Amino acid sequence: MKSIKILDFPFCNSSAIYRYAKIRRLSISKLSNKDIPVSSEVLILPGVGKFDQAINFLNKNNLKSVINDYANKASILGICLGMQILLDSSEESPSATGLGIVEGKCRKIPSCLSFRVPHVGWNSLIINDSNPSLSKNHASAMKSCDYYFVHSYYCDIDATFISSYFTHPVCKRLPASLHIGNIYGFQFHPEKSGKSGY
C-alpha cells in the first residue's frame, strides 16, 4: 500500500488532503528535508498563493533537493500551485526559479469577454488521448464530472505532457492535468471538487 508524504505549506488547505488519507486509510506524514524517499511513497504538493511565495518557502526550509529526490525515486502529485512550481518558471514571479521537474513555464491566462481571470469555478474536462496516463474507466469517469478551479496562470507545457484540458477562446486549450512518468499534476482542486475529486 502506498503511503503519502505532504508538503505542508502554511498557506494552503492541507487539512483536506489529511482528511482524504483518513477516508482511504492511507498513511500520511509531513515532508521534512531529512526524508529519504522510497518507491511506494507519493509526495503531494498542494498549494494556494503566489509562485515566489511557494519557492521562497522551499528555499528557506531546504526542501528543493528532497523534492527532486522524490521525482527520481518515488511519485509526485502537484495540486494547483503545487503543479505550477513543478515547472521551470512563472510570469507571475519572473525572479523565482521553479523546481524544473517538468519543462515549461506558467503564463497569465488571457482575459476576454467570455473568460474572466481569475478563473474561478467549475469546468468539465477533455481527455488528451495522446497521453496514455488514464485508464479507459478513469478517463470516462473524469469526462462525466466537473472540477473546481481557482487560478490566474496556466502551465505552458509540451502537449504530450497534458492528460486533460479545458477550452479557452484565445489559448484554445488550458491544461487541467499533466502526467510524465511518475509525475502528476492537477490544476484543479480535487479536494474542493466533491466526490469527483476523491
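Residues numbered from 1 in each chain as written. Predicted model: local features only at pLDDT ≥ 70, side-chain atom pairs only at ≥ 80, totals over all residues. Heavy atoms only, no water.

1. Some points on the overall build of the protein chain
Link 1 in the chain: When helices and strands are counted, the protein chain shows five helices and 13 strands.
Link 2 in the chain: A burial count over the protein chain gives 48% of its 198 residues as buried.
Link 3 in the chain: Residue pairs in contact within the protein chain that sit at least 24 positions apart in sequence constitute 70% of those at least 6 positions apart.
Link 4 in the chain: Of the roughly 9,800 Å² that the protein chain leaves accessible, carbon and sulfur atoms contribute 50%. (Helix = DSSP H or I, 4+ residues; strand = E, 2+ residues; numbered from the N terminus. Buried < 20%, exposed > 50% of the residue type's maximum accessible area, 1.4 Å probe, protein only. Contact = heavy atoms within 4.5 Å. Areas by Shrake-Rupley, 256 points an atom, 1.4 Å probe, with all protein chains shown as cover.)

2. A word on the sheet that holds strand β3 (residues 41-45)
Link 1 in the chain: As summarised here, the arrangement of the eight strands in space is β2-β1-β3-β4-β13-β12-β11-β8, forming an open sheet in which the pairing is mixed. Either end of the sheet is taken by a strand with one partner, and the two such strands are β2 (28-30) and β8 (126-127).
Link 2 in the chain: Relative to β3, strand β1 (residues 3-6) runs parallel, the two sharing four bridges. Considered in β3, the bridge of S3 is made with E41.
Link 3 in the chain: Packed onto the sheet, helix α1 (residues 15-23) meets β1, β2, β3 and β4 (75-79) and runs at close to 155 degrees relative to β2. (Pairing = 2+ DSSP bridges. Axes fitted to C-alpha atoms, helices over the stretch in contact; angles between N-to-C directions.)

3. Comments concerning the pairing of strand β10 (residues 153-157)
Within a regular strand, the side chains alternate between the two sheet faces.
Link 1 in the chain: Of all five residues that make up β10, four are buried, and the element is covered over most of its length.
Link 2 in the chain: Relative to β10, strand β6 (residues 104-108) runs antiparallel, the two sharing five bridges. Following the sheet pairing, K105 is matched in β10 by D156.

4. Here's the deal with the pairing of β3
Link 1 in the chain: Counting buried positions over the five residues of β3 gives five, a clear majority of the element.
Link 2 in the chain: With four bridges joining them, β3 and β4 adopt parallel strand pairing. From the neighbouring strand, V42 faces β4, where its bridge partner is S75.

5. Section: the nonpolar core
Taken as a class, soluble globular proteins show a tendency for nonpolar side chains to be buried jointly.
Link 1 in the chain: Formed by 36 residues in total, the largest nonpolar core has its most connected members in L7, F9, L58, I67, I76 and I85.
Link 2 in the chain: Elements with a minimum of two residues in this core: β3, α2 (51-60), α3 (64-73), α4 (81-84), β10 and β11 (162-168).
Link 3 in the chain: If you tally residues by element for this core, the top one is α2, at five residues.
Link 4 in the chain: Residues contacting I85, with those up to four places away along its chain left out, are F9, F51, A54, I55, L58, G98, L99 and G100.
Link 5 in the chain: F115, L125, Y147 and A176 belong to the second largest nonpolar core, which has 11 residues in total. (Core = buried A, V, L, I, M, F, W, Y, C linked by side-chain atoms within 4.5 Å.)

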